[in-house]
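An overview of the molecular structure
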Amino acid sequence: MSFPADLTAASLAVAGRLARALDALPESRVKAAMAHGLHGGKGLRGYLVLESCALHGIAREVALNAAAAIEAMHAYSLVHDDLPAMDDDDLRRGRPTVHVAFDEATAILAGDALQSLAFQLCAETGHAGLTAALARAAGAEGMVLGQALDIAAETAALPLTLEQIVQLQQGKTGALFGWSCLTGPILAGADPAPLAAYATALGLAFQIADDILDTEGDAATAGKRLQKDAAAGKATFVSLLGLEPARARARELISQAGEALAPYGSRADSLREAARFVISRDK
């Protein structure tokens, strides 16, 4: 199976698990908004969870719970990130953002509920350590910290340095990628070092690719508004490095990610394909 087909199959399986979780909830406007926020997307984080778990012999149903958890957590972050008080976006995954399709209060509540659902699904893996790791990755030492640094950068007297951007993105983007990749080792009690190194390189390459897309991508294909950072005068990997050096850096990181998987041999080829996909995508 090709990587795009493999990714699609994994995304559908995770979407099915999320649909079952939503079906168990009472009908409400918030539930409809949650479904809207979960719709679409690449499903890359869930895919990484499934592949990490497969490498370590974790049961499929357990892996699906973890994969659905990270996709719910990611969706929550997007719903809140799109709000007028944050990035103020009106388009996400090719559709109106949740606060546009519904209203701001419903979007806030839907994001809250998606975060709660993420922890519920993670808890259903039966591994308290995995749930605690998700809390750290998503909270004030991970994704939320990265988002706070991003907001602060909008009004900072000086643009961020390259080192500061790396720190910001290791939280905002990298923390959830890290948890996704480490799910298998955490559940299996295995050495996390190879996949931790892979995740660090992958997350940074993903963000560089995002900055490149924001510079020269097509909004219709990307399904979101582009060139926001340039309009806001924010420093990015592209603005600091230049377009071609940024591409070169992303390629270097993908090479590093592949090298980190050496202990797994050919069994990790799917993760190598995922890394190559990160810098070749158009959305």
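In what follows, the accompanying structure is described. (Residues numbered from 1 in each chain as written. Predicted model: local features only at pLDDT ≥ 70, side-chain atom pairs only at ≥ 80, totals over all residues. Heavy atoms only, no water.)

**A look at helix H11 (residues 193-216)**
Taking 1.5 Å per residue as the helical rise, H11 with its 24 residues ought to reach 34 Å, and the 35 Å between its terminal C-alpha atoms agrees with that figure. Most of H11 is tucked away, with 18 of its 24 residues classed as buried. (Helix = DSSP H or I, 4+ residues; strand = E, 2+ residues; numbered from the N terminus. Expected span 1.5 Å × (residues − 1). Buried < 20%, exposed > 50% of the residue type's maximum accessible area, 1.4 Å probe, protein only.)

**Remarks on the side chain of Glu51**
Tracing the sequence through the fold places Glu51 in helix H3 (residues 44-55). The charged side chain of Glu51 is buried without a salt bridge, its nearest counter-charge being Arg60 at 6.2 Å. A polar contact is formed between the side chain of Glu51 and the side chain of Ser270, at a distance of 2.5 Å. With residues near it in sequence (within four places) discarded, Glu51 still touches Asp6, Ser270 and Leu271. (Lys, Arg positive; Asp, Glu negative; His and termini not counted. Salt bridge = Lys/Arg side-chain N within 4 Å of Asp/Glu carboxyl O. Polar contact = N/O pair within 3.5 Å; in protein donor to acceptor, adjacent residues only side chain to side chain. Contact = heavy atoms within 4.5 Å.)

**Some remarks on the packing of H11 against helix H15 (residues 243-260)**
In a pair of packed helices, the angle between the axes and the distance between the axes together describe the arrangement. Following both chains from N to C, one finds H11 and H15 inclined at 160°, their axes separated by 8 Å at the closest point. Here H11 lies roughly antiparallel to H15, going by the angle between them. Crossing of H11 against H15: the hand is left-handed. Contact residues: H11 offers Pro194, Ala197, Tyr198, Ala201, Leu202, Leu204, Ala205, Ile208, Ile212 and Glu216, while H15 offers Leu243, Ala246, Arg247, Arg249, Ala250, Leu253, Ile254, Gln256, Ala257 and Ala260. In the contact of H11 with H15, the residues fall into 16 nonpolar, one polar and three charged. (Axes fitted to C-alpha atoms, helices over the stretch in contact; angles between N-to-C directions. Parallel < 35°, antiparallel > 145°, perpendicular 65-115°, else oblique. Left-handed = near helix turned anticlockwise from the far one by under 90°. Nonpolar A, V, L, I, M, F, W, Y, C, P; charged D, E, K, R; others polar.)

**So, the nonpolar core**
Of all hydrophobic cores here, the largest spans 84 residues; its most connected members are Leu18, Leu44, Leu48, Trp179, Leu195, Tyr198 and Leu202. Looking at this core element by element, the count peaks at 12 residues for helix H4 (residues 60-81). (Core = buried A, V, L, I, M, F, W, Y, C linked by side-chain atoms within 4.5 Å.)

**Regarding unusual backbone geometry**
Positive phi values are uncommon outside glycine, yet Asp88 reaches one of about 55°. Relative to the helices and strands, Asp88 resides in the loop between H4 and strand E1 (91-92). Among the residues examined, Asp88 registers a relative accessible area of 44% and is labelled partly exposed. Within the chain, Arg93 stands out as a residue other than glycine whose phi angle is a positive 55°. Tracing the backbone through its elements, the reader meets Arg93 in the loop between E1 and strand E2 (95-96). Looking at Arg93, the relative accessible area reads 23%, which means it is partly exposed.

**A word on the packing of aromatic side chains**
Within the structure shown, the criterion is met by three aromatic pairs. Pairing Phe3 with Tyr47 gives two aromatic rings, centres 5.3 Å apart and planes at 85°, and the pair type is edge-to-face. Residue Phe3 is found in helix H1 (residues 3-23), and its partner Tyr47 is found in helix H3; the two are separated by 44 residues along the sequence. Across the pair, exposure class does not vary: Phe3 and Tyr47 are buried alike. For the pair Phe3 and Phe277, a centre-to-centre distance of 5.3 Å together with 50° between the ring planes defines the contact as tilted. With a gap of 274 residues between them, Phe3 in helix H1 and Phe277 in helix H16 (residues 269-278) connect regions that are remote in the sequence. These aromatic residues form a ring-pair network of at least three members: Phe3, Tyr47 and Phe277. Its end group placed over the ring of Phe177, Arg45 keeps NZ or CZ at 4.5 Å from the ring centre. Taking the ring centre of Phe206 as reference, the NZ or CZ of Arg45 above it sits at 5.5 Å. (Phe/Tyr/Trp six-rings, centres within 6.5 Å; stacked < 30°, edge-to-face > 60°. Lys NZ or Arg CZ within 6 Å of the ring centre and 35° of its normal.)

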